[in-house]
Amino acid sequence: MLRTLFIALAIFSLTSLPAQAQGALETAADAASRFGPSVGQAAPALNVMDASGAPRTLDSLMGEEGVVIYFNRSLDWCPICLRQTLELEPHAEAFADAGWPVTVLTYDDADTLGQVAERRGLSLTLLADPDSRTIDAFGVRDPIYSDPDHLAYGVPYPITFVIDRDGVVVAKFWHEAGLGDQRGYATRISAEDVLAAVQAR
């Protein structure tokens, strides 16, 4: 059984996998197709603040080749999201060296992200989208949380986009299919897999 289920349209082929694994990836691919821009489409505009409170746009995040944006739930109350970000941190320099700086976007506010960054020693760019405007612009809000009073209202479903210098999505990484109570969000693609994909471009 695959360690993680993901879609990286520019790198991997379903035909090279066993039939059972192909079915699982096809399910993930179907789910991914409903979330966010497709590979080959332009990414929406991004207007958020980083953990220091500075305004950031897509252009300001770009490296020589583009940028990798992890949409994540919360670094405040989601231990899975925090663990993934901590695992990503040691690879941030390698992403940047490859020309693809990596960033993590959540619905947390800038103050919360700043506190997490200081407490956890995070140097990678953290982006605050407390009103979920960018999350909605990308079309990645988790629909299972429809109650405005729910703690998770406005969170994105964990998904990662690789966006080139022209603002085009060139790869899209989807975590295990299954929204909300199905806990698909609990399985995350590894930083090594995403890094290997951008280094191979």
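Just so it is clear, the structure is predicted and the values come from calculations on it, not from any experiment. (Residues numbered from 1 in each chain as written. Predicted model: local features only at pLDDT ≥ 70, side-chain atom pairs only at ≥ 80, totals over all residues. Heavy atoms only, no water.)

S.K.: Tell me about the pairing of strand 1 (residues 47–50), and name the residues and values.
M.R.: Every regular strand shows the same layout, with side chains that alternate between the two sheet faces. Across the two faces of strand 1 the burial differs, with Val48 and Asp50 buried and Asn47 and Met49 not buried at all. Bridge count for strand 1 against strand 2 (residues 55–57) is three bridges, and the pairing is antiparallel. The residue of strand 2 that forms the bridge with Met49 is Pro55. Following strand 1, the chain reverses through four residues before pairing antiparallel with strand 2; Gly53 in that reversal takes a positive phi of roughly 90°. (Buried < 20%, exposed > 50% of the residue type's maximum accessible area, 1.4 Å probe, protein only. Helix = DSSP H or I, 4+ residues; strand = E, 2+ residues; numbered from the N terminus. Pairing = 2+ DSSP bridges.)

S.K.: An account of the environment of Ser190 is requested, with residue identities and associated values reported.
M.R.: Assignment of secondary structure puts Ser190 in the loop between strand 7 (169–174) and helix 7 (191–199). Residues Ser190 and Gln84, 106 residues apart in the sequence, show an inter-C-alpha distance of 8.0 Å. Within the structure, the side chain of Ser190 is placed 3.0 Å from the backbone nitrogen of Asp193, a separation counted as a polar contact. (Polar contact = N/O pair within 3.5 Å; in protein donor to acceptor, adjacent residues only side chain to side chain.)

S.K.: Account for the packing of aromatic side chains, with residues named and values stated.
M.R.: All told, the structure shown has five aromatic pairs when counted by the stated rule. Ring geometry for Phe71 and Phe161: centres 5.8 Å apart, planes at 85°, overall edge-to-face. With Phe71 in strand 3 (residues 66–71) and Phe161 in strand 6 (residues 159–164), the pair connects residues that are 90 residues apart, well separated along the chain. Phe161 matches Phe71 in its accessibility class, with the two residues each being buried. Between the aromatic rings of Trp77 and Tyr107, the centroid separation amounts to 6.3 Å while the plane-to-plane angle is 85°, which identifies the pairing as edge-to-face. (Phe/Tyr/Trp six-rings, centres within 6.5 Å; stacked < 30°, edge-to-face > 60°.)

S.K.: Pulling in residues and values, what's your account of the side chain of Asn72?
M.R.: Mapped onto the fold, Asn72 is located in the loop between strand 3 and helix 3 (79–88). Within the local environment of Asn72, its side chain forms a polar contact with the side chain of Gln84, the two groups lying 2.8 Å apart. Sequence-distant contacts of Asn72, that is, excluding residues within four places in its chain, are made with Cys81, Gln84, Thr85, Val104, Leu105, Thr106, Tyr107, Pro156, Pro158 and Arg188. (Contact = heavy atoms within 4.5 Å.)

S.K.: If you had to explain the pattern of salt bridges to someone new, which residues and values would you point to?
M.R.: Scanning the model with the defined rule gives three salt bridges in all. Across the pair Arg56 and Asp50 runs a salt bridge, and its minimum N-O distance is 3.2 Å. We classify Arg56 as buried; its relative accessible area is 17%. On the basis of relative accessibility, which here comes to 10%, the residue Asp50 falls in the buried class. The shortest N-O distance in the salt bridge between Asp136 and Arg141 comes to 2.8 Å. Here Arg141 falls in the partly exposed class, since its relative accessible area comes to 23%. (Salt bridge = Lys/Arg side-chain N within 4 Å of Asp/Glu carboxyl O.)

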